[in-house]
Amino acid sequence: MPLNEDRIRQHTIGCLALFTLLCGVILWLLGYSQQPQILPYYSICWRLGPVLALWWLAWNQLKILPAWAYLSVPMVLVALVINRKLVLLAIPLAILLSLLNHPWLKRGRKRRKP
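Position labels on residues start from 1 in each chain and follow its written sequence. Where local features are concerned, this predicted model is filtered to residues with pLDDT of at least 70; where side-chain atom pairs are given and counted, the filter is 80 or more; whole-chain, interface and lining totals use all residues. Each side-chain value is worked out from all heavy atoms of the structure, with water and hydrogens disregarded.

(A) Summary view of the overall build of the chain. Here a helix means four or more residues in a row that DSSP labels H or I, a strand means two or more in a row labelled E, and each is numbered from the N terminus. Across its full length, the chain holds 5 helices and 0 strands. The N-to-C order of helical and strand elements in the chain reads α-α-α-α-α. Per-residue accessibility, obtained with a 1.4 Å probe over protein chains only, is compared with the maximum for each type, and a residue is labelled buried under 20%, exposed over 50%, and partly exposed between these values. Residues classed as buried in the chain amount to 14% of the 114 residues present. Across the chain, the fraction of contacts at a sequence separation of at least 24, relative to all contacts at a separation of at least 6, is 53%. Computed with the Shrake-Rupley method and a 1.4 Å probe, the accessible areas treat only the protein chains shown as cover for residues. When the accessible area of the chain is evaluated, it comes to approximately 10,000 Å², of which 72% is carbon and sulfur surface. Any pair of residues with heavy atoms lying within 4.5 Å of one another is described as a contacting pair.

Structure below.
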């Protein structure tokens, strides 16, 4: 399988995930995780590493997302961080949007080839 630009980006994200997790393990093993000046870097490693690893694993599925999801998902996440009560509105709305985009609702829109 040839390495195109898309695969190189995916592997770069995977390498960054591995690097941040490895840095977190090294800081923990060396005992630097308890020092106040190192604690922010230790926290970044343990928070960013799993997120990058999940992004690397979901790379192929993220390519098929509709264009509106790239803008709306981060906006909803920011709103949920600001006000946690919005989760009661966000979850049913996400279910509704996923159902509206479902293929069985698009039955009548198919065109037949002559």
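From this point on, the discussion continues.
(B) Layout of the packing of aromatic side chains. When the centres of two rings from Phe, Tyr and Trp lie within 6.5 Å, Trp using its six-membered ring, the rings pair. Their planes under 30 degrees apart give stacked, over 60 give edge-to-face, and anything left gives tilted. Scanning the entire structure with this criterion turns up 2 aromatic pairs. Summarising the aromatic geometry, the rings of Trp55 and Trp59 are spaced 6.2 Å apart at their centres and angled 40° between planes, so their arrangement reads as tilted.

(C) Structural context of the side chain of Thr20. Within the secondary structure layout, Thr20 lies in helix H1 (residues 5–29). A polar contact of 3.0 Å, which involves the side chain of Thr20, links it to the backbone oxygen of Ala17. Setting aside residues no more than four positions away along its own chain, Thr20 makes contact with Cys45, Leu48, Gly49 and Leu52. Throughout this description, a polar contact denotes any pair of N or O atoms lying within 3.5 Å of each other; where both atoms belong to protein, one of them has to be capable of donating a hydrogen while the other can accept it, and for residues adjacent in sequence the pair is counted only when both atoms sit in side chains.

(D) Representation of the packing of H1 against helix H2 (residues 39–57) within the structure. At a closest axis distance of 8 Å, the pairing of H1 and H2 adopts a crossing angle of 150°. Between H1 and H2, the crossing angle belongs to the class labelled roughly antiparallel. Both H1 and H2 take part in a crossing whose hand is left-handed. Here the contact of H1 with H2 is built from residues that sort into 18 nonpolar, 6 polar and no charged. In this analysis an axis means a line fitted to C-alpha atoms, helices contributing only their contacting stretch, and an angle means the value between N-to-C directions, from 0 to 180 degrees. In this scheme, roughly parallel covers angles under 35 degrees and roughly antiparallel covers those over 145, while 65 to 115 is roughly perpendicular and the rest are oblique. In this scheme, a crossing is called left-handed if the near helix is turned counterclockwise away from the far one by less than a right angle; it is called right-handed if the turn is clockwise. Basically, the charged four are Asp, Glu, Lys and Arg, the nonpolar ten are Ala, Val, Leu, Ile, Met, Phe, Trp, Tyr, Cys and Pro, and anything else, Gly included, counts as polar.

(E) Looking closely at the confidence of the model for the chain. For the chain, per-residue confidence averages 81 on the pLDDT scale, and residues scoring 70 or more make up 85% of the total. What pLDDT reports is the predictor's confidence in each residue, on a scale of 0 through 100. No element of the chain has a lower mean pLDDT than helix H4 (residues 67–82), at 76, and none a higher one than H1, at 92.

(F) The arrangement of H2 in detail. Given the number of residues in a helix, its expected span is that number minus one, multiplied by 1.5 Å. With 19 residues, H2 extends 28 Å from end C-alpha to end C-alpha; this agrees with the ideal 27 Å at 1.5 Å per step. Within the span of H2, buried status applies to Tyr42, Cys45, Gly49 and Leu52. Packed against the buried residues of H2 are H1.

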